Amino acid sequence: MKKHVLFTIFLLAGSSGLLNGCAQQGDETPPAEGGAQSRLTFSTSARDGALMVLIPEGNFFMGDPAGEEVYYDENPCRTIHLDAFWIDCYEVTNRHYKRFVDETGHRAPFVDTDWARPYNWINNTYPPGTADFPVVLVSWEDAAAYAGWAGKRLPTEAEWEKASRGGLEKKRYPWGDA
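All residue numbers refer to positions counted from 1 along the written sequence of the respective chain. The model is predicted, so local features are restricted to residues of pLDDT at least 70 and side-chain atom pairs to those at 80 or more, both for listing and for counting; the totals for chains, interfaces and linings are taken over all residues. Values shown for side chains rest on all heavy atoms present in the structure; no hydrogens or waters enter the calculation.

Draft legend 1. The arrangement of the overall build of the protein chain in detail. In this text, helices come from DSSP runs of H or I with a minimum length of four residues, and strands from runs of E with a minimum of two, each type numbered from the N-terminal end. Tallying secondary structure elements over the protein chain gives three helices and five strands in all. Shown N-terminal to C-terminal, the secondary structure of the protein chain runs as helices and strands in the order β-β-β-β-β-α-α-α. Expressed as a percentage of its 178 residues, the buried residues of the protein chain come to 39%. The cut-offs for exposure are 20% and 50% of the maximum accessible area for each residue type, with area from a 1.4 Å probe on protein chains only; residues under the lower value are buried, those over the upper are exposed, and the others partly exposed.

Take a look at the structure:
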């Protein structure tokens, strides 16, 4: 049996707390005009209705600028150039993933182990009260299948890091150094 990892699907997606400029969760409209946020371009995905933001082309510093106590793949901090790309503002929710499961017959999230019991879908339905929670208990293959169905793809590591930094340069965390 394939190992399934507990993770949240981010399809060309950044979380609302990390990607500066996105509207509040549940608000499917872009932020109001004015300030730095108005320089961002928003669109709604036709297939899954997700609010997306265009991350502009350009260079960014990838990796940990502190250079200490980091994982081997976070150093050296280096300049990376990326073309512009679209990324979802929010995680894929159970509600969105259910539409995918219903339309394609793809397997519903389920891992047969005690710790996963509260998150498992029963009869192709997510746990009660979790419609707008991020979908979990999906493998990389599940995430890629959803992305294909939605007319998207999963982000590269560099795209994910650029989007999650929200325009901050050489900061250890998306919110700064502390």
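Draft legend 2. Molecular detail of the side chain of R165. Note that R165 resides in helix 3 (residues 157-165). Owing to a relative accessible area of 8%, R165 belongs among the buried residues under this scheme. Only 2.8 Å separates the side chain of R165 from the backbone oxygen of G63, close enough to count as a polar contact. Two N or O atoms form a polar contact when they lie within 3.5 Å of each other; inside protein one atom must be a possible hydrogen donor and the other a possible acceptor, and for residues adjacent in sequence the pair counts only when both atoms belong to side chains. One polar contact links R165 to E161, side chain to side chain, over a distance of 2.8 Å.

Draft legend 3. Main features of unusual backbone geometry. A positive phi angle, close to 55 degrees, is found at N123, a residue other than glycine. Residue placement: N123 occurs in the loop between helix 1 (94-104) and helix 2 (140-149).

Draft legend 4. Quick look at the pairing of strand 1 (residues 41-44). Sheet topology places strand 1 next to strand 2 (residues 51-55); four bridges connect them, and they run antiparallel. When the sheet's bridge partners are listed, T44 is paired in strand 2 with L51. Two strands pair if DSSP finds at least two bridges between them.

Draft legend 5. Examining the pairing of strand 3 (residues 58-62) more closely. What you see with strand 3 is a clean split: G58, F60 and M62 sit on the buried side and N59 and F61 on the side with no burial. Bridge count for strand 3 against strand 4 (residues 78-82) is five bridges, and the pairing is antiparallel. Bridge pairing in strand 4 links N59 to H81.

Draft legend 6. Up close: the sheet that holds strand 5 (residues 85-88). The strand order across the open sheet built from three strands is 1-2-5, with neighbouring strands paired in antiparallel fashion. Bordering the open sheet on either side are strand 1 and strand 5, each of which pairs with just one other strand. Ignoring which end each strand starts from, the neighbouring axes of this sheet average 35 degrees apart. Across four bridges, strand 2 lies against strand 5 in antiparallel orientation. Counted as the bridge partner of I55 is F85 from strand 5. Contacts from helix 3 reach strand 2 and strand 5 within the one sheet, and its direction differs from that of strand 5 by about 70 degrees. Axis definition: a line fit to C-alpha positions, over the contact stretch in the case of helices; interaxial angles, taken between N-to-C directions, run 0 to 180 degrees. Contacts are residue-level and defined by heavy atoms, with any inter-residue pair within 4.5 Å sufficient.

Spatial relationships are all this shows, so hold off on functional conclusions.
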